[in-house]
Amino acid sequence: MNGKTAVVLINTGTPDSYQVKDVRRYLKQFLGDKRVINLPWLFRKLLVNGIIAPVRGPRSAKLYRQIWTKEGSPLLVNSRLFSDALAARLGSDYQVFMAMRYGNPSLENCIADIAKSTFSKIVAVPLYPQYADSTTGSIVAEFHRLAKKFGIHQKVVFVKPFFATNAFIKAFSDKLTTADANKYDHLIFSFHGLPVKQTEKMHPGLTCEQANCRNDYNLQNSQCYYASCYETARLLSGAAGLGENSYTVSFQSRLGMNWLKPYTDEVLKEKAAEGLKNVLIASPAFVADCLETIYELGIEYAALFKAMGGNELTLVKSLNDDVLWVGGMVDLIRSF
C-alpha cells in the first residue's frame, strides 16, 4: 500500500474532435446510457443510433467547431487545468486523476490505472453541484461496476452534490460579485434541463409542485434536481447580496417535451419584451465552461436576446480553475 489517496474527478465528457464521426460516437455513448434516456434497451438503441446521432451529429459538430481551441475541447482543457491546480494544492499525499463518464479520458482507463497501485483510499468527485440520476447517479453506478471489474477493494468515498458547501457558494458568489451583478437589469440562473419525470421520481407519488420544490428544500425533496437548483439560486443570491426579485431561475438545453420550466430562451424573450436591456446570465449547474455555457448561453442566447431588443447578455464564466474553487475543493477532499 503506497499510503496515498487517489482523487478521481469525473465530468460528463466531450467528443475527441469536432469531426462529425467523433461527435456521433460521443452522442451514441452519452445518450445510450439508460439513466440519460429512460427507455428499454432496444428502443433506446434504435432511437439514439438510428435517429438522434445521425441527425444531431452534423449539427452538434458545427457548434463544437465554433468553440474548439488549439488545446482541444474547452471542457477537457478546463478540466485539466482544474485537475492540475488541485493536484498542486493537495500535495504528495494525493494523486489526482481526471476522467470523463463518456468519451476520453475514459473512466474505465482511469480505474484500470488506479488498480495498478494500492492506494489507501479513493475519493471520487462527480463534478455536478446538484444531484441527478442521469449525472451523479450514472457515475456512481459505473464507478462501482468498473471497480468490481478491476478488483479494487479499497474504500471508495463519493463526494456528494456540493451546491450548498462553502467551497462552491463562496467561489461562485465571488464570480457574481466580481461581475457586479447588481449593476445589471436582471440576473438569470440557467441550469441544465431535465425531463420532469426524472426529477419527480426522487419524491415518488408527488409532483414538484406538491413537494413545494420551488420554494422549500427539505428532507423530502433533497434528492430532487429541481429543488436543488432553486436552493442553489437562493444560496448564491444571498451570498452575493442580491435582492429576492433580482434574479430568475430557468432551464436550458431541453431535448424534448415536458422538460423543466421555465425555459431559458423563453425567459430571455420575456425580459426583452419587458424592456430590460442588460442581463447577466450564469449557470451554476456547471463547474467547467463547455458547449452549454460558451456556445448556448454566450453565443446563441446572447444573439437571441439582442434580436428581441435587448442590448447585452453577459455570461459569467464558470469556476474552471478559479483559486477560490480549487482551495475550497482541497478543503472538501481533505475532510474525508
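Starting from 1, residues in each chain are numbered consecutively following that chain's sequence as written. Only residues with pLDDT of 70 or above have their local features reported here, since the model is predicted, and side-chain atom pairs are shown and tallied only from 80 upward, although totals for entire chains, interfaces and linings are computed over all residues. Calculated side-chain values reflect all of the structure's heavy atoms, with hydrogen atoms and water omitted.

A word on helix 9 (residues 264–273)
To sort residues, take the accessible area from a 1.4 Å probe on protein chains only and compare it with the maximum for the residue type: under 20% means buried, over 50% means exposed, and anything in between is partly exposed. Secondary structure elements are taken from DSSP: a helix is a run of H or I of four residues or more, a strand is a run of E of two residues or more, and numbering for both begins at the N terminus. Considered for burial, the residues of helix 9 that qualify are Thr 264, Asp 265, Val 267, Leu 268, Lys 271 and Ala 272. In a view along the axis of helix 9, the buried residues occupy a sector of 160 degrees, so they form one face of it. Whether two residues touch is decided by their heavy atoms; if any such pair falls within 4.5 Å, the residues are in contact. Against strand 5 (186–192), strand 6 (247–252), strand 7 (278–282), helix 10 (291–307) and strand 8 (312–315) lie the buried residues of helix 9. A positive backbone phi angle near 95 degrees is found at Gly 275, which sits one or two residues after helix 9. Directions pointing from the helix axis toward each C-beta atom define the arc.

Here we look at the sheet that holds strand 4 (residues 156–158)
Strands are labelled as partners when DSSP assigns at least two bridges between them. Spatially, the four strands line up as an open sheet ordered 2-1-3-4, and their pairing is parallel. Edge positions in the open sheet fall to strand 2 (94–103) and strand 4, since each of these has one partner strand only. Going across the sheet, the axis of each strand differs from the next one's by a mean of 25 degrees, ignoring polarity. As judged from the three bridges shared by strand 3 (residues 121–126) and strand 4, these two strands associate in the parallel manner. The residue bridging Ile 122 from the neighbouring strand is Val 156, located in strand 4. Fitting a line to C-alpha atoms yields each axis, with helices limited to the stretch in contact; the angle taken between N-to-C directions then spans 0 to 180 degrees.

Things to note about the environment of Met 329
On the secondary structure map, Met 329 appears in helix 11 (residues 323–334). In this structure Met 329 comes out as buried when scored by relative accessible area, which is 0%. C-alpha of Met 329 to C-alpha of Leu 86: the two residues are 243 residues apart in sequence and 7.7 Å apart in space. Once residues lying within four places of it in the same chain are set aside, the contact partners of Met 329 are Phe 82, Leu 86, Val 125, Phe 162 and Ala 167.

With respect to the side chain of Ser 134
With respect to the helices and strands, Ser 134 occurs in helix 5 (residues 133–149). Judged by its relative accessible area of 9%, Ser 134 falls in the buried class. Look past the residues within four positions of Ser 134 in its chain and what remains in contact with it is Arg 35, Val 36, Tyr 102, Leu 194 and Gln 198.

Quick look at the packing of helix 6 (residues 166–178) against helix 8 (residues 225–239)
Helix 8 packs onto helix 6 with a crossing angle of 60 degrees between their chain directions and a minimal axis gap of 9 Å. Classified by the angle their axes make, helix 6 and helix 8 are oblique. Our pair here, helix 6 against helix 8, has a crossing hand that is right-handed. Across the interface between the two elements, Phe 168, Ile 169, Phe 172, Ser 173 and Leu 176 from helix 6 touch Thr 232, Leu 235, Leu 236 and Ala 239 from helix 8. Of the residues belonging to the contact of helix 6 with helix 8, the class tally is seven nonpolar, two polar and no charged. In these notes the angle categories are as follows: under 35 degrees is roughly parallel, over 145 is roughly antiparallel, 65 to 115 is roughly perpendicular, and the rest is oblique. Crossing handedness is defined as follows: a turn of the near helix away from the far one that is anticlockwise and smaller than a right angle gives a left-handed crossing, while the clockwise case is right-handed. Ten residues, namely Ala, Val, Leu, Ile, Met, Phe, Trp, Tyr, Cys and Pro, are considered nonpolar, four, namely Asp, Glu, Lys and Arg, are considered charged, and the remaining ones, Gly among them, are considered polar.

Things to note about the packing of aromatic side chains
Between the rings of Phe, Tyr and Trp (Trp by its six-membered ring), a pair exists once the centres lie within 6.5 Å; its type follows the angle of the planes, with under 30 degrees stacked, over 60 edge-to-face, and the other angles tilted. Taken as a whole, this structure holds 17 aromatic pairs when the rule is applied. Ring centres 5.2 Å apart and planes at 50 degrees place the aromatic pair Phe 30 and Tyr 102 in the tilted group. With Phe 30 in helix 1 (residues 20–31) and Tyr 102 in strand 2, the pair connects residues that are 72 residues apart, well separated along the chain. Relative to Trp 325, the ring of Phe 162 has its centre 5.4 Å away and its plane inclined at 45 degrees; by these criteria the two rings are tilted. Of the two residues, Phe 162 is situated in the loop between strand 4 and helix 6 and Trp 325 in helix 11; the sequence distance between them amounts to 163 residues. Take Trp 325: its relative accessible area is 0%, and that puts it in the buried class. Following the ring pairs from residue to residue traces out a cluster consisting of Phe 82, Phe 162, Phe 168, Phe 172 and Trp 325. Geometry around Tyr 263 places Arg 254 over its ring, the cationic atom sitting 3.9 Å from the centre. Ring-over charges, as used throughout, are those where CZ of Arg or NZ of Lys falls within 6 Å of the ring centre and within 35 degrees of the ring normal.

Quick word on a nonpolar patch on the surface
Two joining distances apply to patches: 9 Å for like charges and 5 Å for nonpolar side chains (Val, Leu, Ile, Met, Phe, Trp, Tyr), and every residue must have over 30% relative accessible area and no salt bridge. Reported accessibility uses the Shrake-Rupley method at a 1.4 Å probe radius. Residues are deemed covered only where the shown protein chains occlude them. Every case where a carboxyl oxygen of Asp or Glu lies within 4 Å of a side-chain nitrogen of Lys or Arg is listed as a salt bridge. Taken together, the side chains of Trp 41, Leu 42 and Leu 46 make up a nonpolar region of the molecular surface, amounting to roughly 370 Å² of accessible area. Given a relative accessible area of 53%, Leu 46 falls into the exposed group.

Section: the nonpolar core
Generally speaking, a soluble globular protein has its nonpolar side chains buried in company with each other. Side-chain atoms within 4.5 Å are what join buried Ala, Val, Leu, Ile, Met, Phe, Trp, Tyr and Cys residues into a set we call a nonpolar core. Core analysis: the largest hydrophobic core is formed by 63 residues, its most contacted members being Leu 86, Phe 168 and Trp 325. With seven residues, helix 8 is the largest single contributor of residues to this core. What Trp 325 contacts, discounting residues up to four positions off in sequence, is Phe 82, Phe 162, Ala 167, Phe 168, Ala 171, Val 287, Leu 319 and Asn 320. Membership of the second largest hydrophobic core comes to 19 residues, among which are Ile 10, Cys 110, Ile 111 and Phe 158.

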